[in-house]
Amino acid sequence: MSGTARGDFPSRPAAHLAGLTDRMRRLADRTLPRTTGERALDLLLGTALLAVTYPAVAVAALALTARRTPGGAWDRRPRAGLGGRVFELRTLRTRRLRLDLFSRLPHVVRGDLALVGPAPLAPGDPRTTGPGARQWRRELRPGLTGLAQVRARSGMPWDDPALLDQHYAEHHGVVLDLAILAEAARNPLREQLRKARRTKAHLSDADHRPPACRRVD
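This one's a predicted model, so the numbers in the text were calculated from it and none came from an experiment.

1. Some points on the pairing of strand β1 (residues 74–80)
Then comes step 1: Pairing of β1 with strand β2 (residues 86–92), which is carried by seven bridges, proceeds in the antiparallel orientation. Note that in β2 the partner of Asp75 across the bridge is Thr91.
Then comes step 2: The hairpin turn running from β1 into β2, its antiparallel successor, is five residues long, and Gly83 in that turn takes a positive phi close to 70 degrees.

Here it is in structure tokens:
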């Protein structure tokens, strides 16, 4: 066999090295595009939250399974992640205590999701093909929560989810991630306080006196 022909078929050690290089490249793709600080935050805080919430998620999953929830306890949907890689996003089919959100924490620890980032979109979603969107969406992991999720409720024109996701892509960092996480934690508390105040106001407006005492002489 000529040298040229031999060169067309790499030796076994060369093929093994090429495979190892490819695996290292895929690993780098999962870790390097997001800064070390942000990924460290994902791992540390994500692992801590997973340890705290896992018992509640497990109990809820068992309850949904026993109740024979249509479709099963888990919702499974393909989503496009870092570099366009498609993964199966598993979400618990419940909204109570935000367990659906916490059930996605294993994806954060594995690197499919970040704690903060754009919303995870289905492969081929039109929002991934807009002008300039494809590049930055491929360079960021989708998030458990994000700037669009905590700000889009205001209804203001400048709080359009697409604009907020793009703003995050241009300015993301540990400080911004912490601010978004703090806001994401405060929003449910604010909602609960508003409900408590409305309930208190309703109770205070009611006349709890016995009927005999309500007459005015």
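Here the narrative resumes.
2. Here's the deal with the environment of Gly46
Then comes step 1: Position of Gly46 among the secondary structure elements: in helix α3 (residues 36–66).
Then comes step 2: The exposure class assigned to Gly46 is buried, which follows from its relative accessible area of 0%.
Then comes step 3: In this structure the C-alpha to C-alpha distance between Gly46 and Leu115, which are 69 residues apart in sequence, comes to 7.1 Å.
Then comes step 4: Setting aside anything within four residues of it in sequence, one finds Gly46 in contact with Leu41, Leu105, Val108, Val109 and Leu115.

3. A few points about the confidence of the model for the protein chain
Then comes step 1: A residue-level look at the protein chain finds 69% of positions with pLDDT of 70 or above and a mean pLDDT of 79.
Then comes step 2: Confidence drops under pLDDT 50 across residues 1–10; counting only partners more than four residues distant or on other chains, this segment forms one contact.

4. A few points about the nonpolar core
Then comes step 1: Grouped together as the largest cluster of nonpolar side chains are 21 residues, with contacts concentrated most on Val108, Leu113, Leu115, Val116, Leu144, Tyr168 and Ile180.
Then comes step 2: Not counting chain neighbours up to four residues away, the residues in contact with Leu115 comprise Leu41, Asp42, Leu45, Gly46, Leu105, Val108, Gly143, Leu144, Thr145 and Leu181.
Then comes step 3: In terms of nonpolar packing, the next biggest core, distinct from the first, is built from eight residues, Val57, Leu64, Ala73 and Leu99 among them.

Criteria and thresholds
- Residues numbered from 1 in each chain as written.
- Predicted model: local features only at pLDDT ≥ 70, side-chain atom pairs only at ≥ 80, totals over all residues.
- Heavy atoms only, no water.
- Pairing = 2+ DSSP bridges.
- Helix = DSSP H or I, 4+ residues; strand = E, 2+ residues; numbered from the N terminus.
- Buried < 20%, exposed > 50% of the residue type's maximum accessible area, 1.4 Å probe, protein only.
- Contact = heavy atoms within 4.5 Å.
- pLDDT = per-residue confidence, 0-100.
- Core = buried A, V, L, I, M, F, W, Y, C linked by side-chain atoms within 4.5 Å.

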